[in-house]
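The lines below spell out each chain.
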Amino acid sequence: MAKEDDRSRSAQEGDREPLFATRRRTGGLIAFRLFAASVFGCICCIWFYRAVEPLEKDENRTGFFRFIWLVMLILEIWFGLYWLVVQSLRWNPVWRSTFTDRLSRRYGDDLPRLDVFVCTADPVIEPPLMVVNTVLSVMALDYPPEKLAVYLSDDGGSELTFYALAEAAEFAKTWVPFCKRFDVEPRSPGAYFSPKSNVLDSAAAAEVAALYKEMAERIETATKLRRIPEEARLKYGDGFSQWDSDASQRNHATILQILIDGRKHNTIAIPTLVYLSREKRPEHHHHYKAGSMNALLRVSSKITCGRIVLNLDCDMYANNSKSALEALCVLLDEKEGKEIAFVQFPQFYDNLTRNDLYGSMMRVIADVEFNGLDGNGGPLYVGTGCFHRRDVICGRKYGEEEVESDAIQEIVEPEKIKSLASCTYEKGSQWGKEMGVKYGCPVEDVITGLAIQCRGWKSAYLTPKKKAFLGVAPTNLHQMLVQQKRWSEGDFQILLSEYSPVWYAHGKISFGLILGYCCYCLWAPSSVPLLVYPVLTSLCLLKGIPLYPKVSSSWFIPFGYVTVAVSAYSLAEFLWCGGTLRGWWNEQRMWLYRRTSSFLFGFMDAILKKLGVSESAFVITAKVAEEEAAERYEKEVMEFGVESPMFLLLGTLGMLHLFCFAAAVMRLVMTCREAGGDLRTMGLQFVITGVLVVINWPLYEGMLLRKDKGKMPMIVTVKSVVLALSACTFLVFL
């Protein structure tokens, strides 16, 4: 009897064991705070210098010189304050680790239902084969198949995407059992059978590989020909019959097809698979991805109604089959889990070059800054790789009782559910306002997460050793800049909207988390000072106007310390996150390009939208590249190739820095005695302009040296040179 009591007591103690742990690095944190204090002290010295030290001026141009000095003071105040705001992301970081073994012992297969939402919108930009690889990867998650359902929202209303999903449904009957039997990783067949993966050496693996190859060829052939095979139309007639003869991407009725019904007792246990293309009509706003998510929430509530919802972009396949269990360790924890609304995983990519040519991974944000947000109350919701509590995203406030029903849903005919995805269903409702994903912003995910946190909830950030999800990063510069423009514009729109973290979140979330949101909301306006500062530095170098203390002056120390210390810390942080030295240099280049092009255009568009001059638009980033462009990307050769206003701006700035630096060096060589004075009085200006020239070397190659199709278009090069020369000439004769 005593032994049974001991076993019972041991089991009860096991039930009380935490399912995840949170840790802080106190030693490193203290060192960082001391470092940050020293940098900020020097920043204050720089402000003091600008305020009290008179500029060496020409009597005839006192007003002009004083104006430049005032502009420099204003810009440096902005940089110092913004740097201070950014440090909030490093002030209190936390790292979380999970115990999936404890979860398994406590719950076994008695886990909550999980609905996975995968969103796609265009079969050309987002190839159907890539989409179904994502779907198959989440169908094979390490999760009870009867508790798992996968929904594909096709906002393109494409027969090609439906055909690909129908083919994937057949292949899933082989793929899912194969993954479970041999515990393969990753569980995207496209990634698993790729040349860089370690494929199981067995007859079973060879058979599955052959089946996948056949399926992939059928899908790619149909995609290339833009035509569905007649035998497929007959085989999947119930689905294809829902397309009207005049249906188009922007004008069609709701299309809903349950391809696999995991609620029924099937011979092979595989998850439910559902295709949805919500109704689209030209006269009704469809609210882009947010509208798609809300339609999925309603439709899935009548089919499987999972308590937990995972949403993924169509290119983000599951790289870690235990990611769902990792998230549930947080959400089901008895002590802390009940206050957490969603669990966010980082957005990583599987097509990055060794040195991340376009800085797409943004590894410092993923490995440092989001941990800092987590320490202040929780990370942002970034729109993919996120596990939500269904009732919370649908509007439940913290403290209200959760409905914990996992009863099997009554099987309802799809025709009776279609109305939930009609374009008029939300009229007069709270969907997009108080319920579901919010409308009215290109980054609807961020305001949705903020609103959830303002209702009293927290969020959590998980970065397991094996990356949970992997997507497709932009493979050319223009794609990356367009993507960054949308993000920065959307974040700035939030700052100007009723959901601004400055006033909407005041008193509802921690001050540190408000600052964390502001770091990203201020991306767009930060473009203006970052555009003006280096241009002013280069032009004044050309004109011979010193903007910084002499190298021999004691005032030079704070300028030198801030420059060296911040750069060295940035490098050390990047290397600590697993990057390379060249990768850090690429990241600095992209940091500059994003802020002087993408963010600037995002800033201007956000202002125009606020004034009612233009409307918001959702731009989809292409997930495919031409063969030659892909080869250049693999060799880490920067891709231009298209005419773009952002390229014109970057080209003009790059050539302006080059002309100013070249003219200053020529003056240095031709007037040796005076040149020594130039180096003493304008040494820091030489360094800043020289670094800008070096960092722009790939731009100069694309404009002046390369002959391939990825070079800068000639018209952009000519315009850039003319504009830069005009600016320099005007200043010289001013």
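About the thresholds
Residues numbered from 1 in each chain as written. Predicted model: local features only at pLDDT ≥ 70, side-chain atom pairs only at ≥ 80, totals over all residues. Heavy atoms only, no water. Salt bridge = Lys/Arg side-chain N within 4 Å of Asp/Glu carboxyl O. Helix = DSSP H or I, 4+ residues; strand = E, 2+ residues; numbered from the N terminus. Buried < 20%, exposed > 50% of the residue type's maximum accessible area, 1.4 Å probe, protein only. Disulfide = S-S within 2.5 Å. Phe/Tyr/Trp six-rings, centres within 6.5 Å; stacked < 30°, edge-to-face > 60°. Expected span 1.5 Å × (residues − 1). Polar contact = N/O pair within 3.5 Å; in protein donor to acceptor, adjacent residues only side chain to side chain. pLDDT = per-residue confidence, 0-100. Contact = heavy atoms within 4.5 Å. Core = buried A, V, L, I, M, F, W, Y, C linked by side-chain atoms within 4.5 Å. Pairing = 2+ DSSP bridges. Axes fitted to C-alpha atoms, helices over the stretch in contact; angles between N-to-C directions.

Attention now moves to the pattern of salt bridges. Applying the stated rule across the entire model yields 28 salt bridges. For Arg50, the salt bridge goes to Glu76, with nearest N and O atoms at 2.7 Å. Note that Arg50 is positioned in helix H2 (residues 26-52) and Glu76 in helix H3 (residues 62-86), a separation of 26 residues in sequence. A single burial state applies to Arg50 and to Glu76, both of which are buried. If you follow the salt bridges from partner to partner, you end up with Glu17, Asp101, Arg102 and Arg105 in one network.

Summed over the entire model, instances satisfying the criterion amount to zero disulfides. Lacking any disulfide linkage, Cys728 is separated from the closest cysteine sulfur, that of Cys660, by 3.9 Å. Exposure remark for Cys728: the relative accessible area of 8% places this residue in the buried category.

So, about the packing of aromatic side chains. Under the defined criterion, the tally for this structure stands at 40 aromatic pairs. Ring geometry for Phe79 against Tyr533: centres 5.2 Å apart, planes inclined by 85°, an arrangement best described as edge-to-face. Separated by 454 residues along the polypeptide, Phe79 in helix H3 and Tyr533 in helix H19 (residues 527-543) bring together distant segments of the chain. The exposure class assigned to Tyr533 is buried, which follows from its relative accessible area of 14%.

Here helix H23 (residues 645-670) contains 26 residues, and its C-alpha end-to-end distance of 37 Å stays within 8% of the 38 Å for a straight helix at 1.5 Å per residue. One side-chain oxygen of the residue at the start of H23 lies 3.2 Å from the amide nitrogen of Met646, identifying that residue as Ser644.

In the predicted model, the chain carries a mean pLDDT of 90, and the fraction of residues at 70 or more is 93%. Counting interchain partners and residues more than four positions distant, the pLDDT-below-50 stretch residues 1-11 has zero contacts. Segment residues 56-60 is flagged for pLDDT under 50; beyond a separation of four residues in sequence, or across chains, it makes six contacts in the model.

It is characteristic of soluble globular proteins that their nonpolar side chains tend to be buried jointly. The biggest cluster of nonpolar side chains holds 77 residues, and the ones touching the most others in it are Trp175 and Phe387. In terms of residue count, the dominant contributor to this core is helix H6 (residues 159-182) (14 residues). Counting 43 residues, the second largest nonpolar core, distinct from the first, contains Tyr82, Val86, Ala473 and Tyr499.

Glancing now at the side chain of Asn92. Position of Asn92 among the secondary structure elements: in the loop between H3 and strand S2 (95-98). Looking at Asn92, its side chain comes within polar contact range of the side chain of Arg24, at 3.3 Å. Dropping the residues within four chain positions of it, Asn92 is found in contact with Arg24, Leu29, Asn371, Gly372, Gly375 and Asn376.

Let us now look at the environment of Tyr398. With respect to the helices and strands, the residue Tyr398 is situated in the loop between helix H14 (390-393) and helix H15 (414-417). We classify Tyr398 as partly exposed; its relative accessible area is 40%. Note: C-alpha distance between Tyr398 and Met293 (105 residues apart in sequence) is 22 Å. Not counting residues up to four positions away in its chain, the partners in contact with Tyr398 are Lys338, Glu339, Arg455, Gly456 and Trp457.

Reading across the sheet, the three strands line up as S8-S13-S10 and stay open at both edges, with mixed pairing between neighbours. Of all strands in the sheet, those with a lone pairing partner are strand S8 (317-318) and strand S10 (348-349), marking the two edges.

Our next topic: the side chain of Gln453. Its location among the elements puts Gln453 in helix H16 (residues 444-454). Residue Gln453 is classed as buried on the basis of its relative accessible area of 1%. A polar side-chain atom of Gln453 sits 3.0 Å from a polar atom in the side chain of Ser459. For Gln453, the contacting residues outside a window of four places in its chain are Phe342, Gly377, Gly378, Pro379, Ser459, Lys508, Ile509, Leu513 and Tyr517.

Here the focus is the sheet that holds strand S4 (residues 148-154). Taking strand neighbours across the sheet as the criterion, the eight strands line up as S5-S6-S4-S3-S7-S11-S9-S12 in an open arrangement whose pairing is mixed. Unpaired on one side and paired on the other, strand S5 (255-260) and strand S12 (458-461) mark the two borders of the sheet. Here the average twist between neighbouring strands, direction ignored, is 20°. Strands strand S3 (114-120), S4, S5, strand S6 (272-277) and strand S7 (308-313) of the sheet are contacted by helix H11 (residues 288-301), whose axis makes an angle of about 145° with S3. Contacts from H16 reach strand S9 (340-344), strand S11 (386-389) and S12 within the one sheet, and its direction differs from that of S9 by about 145°.

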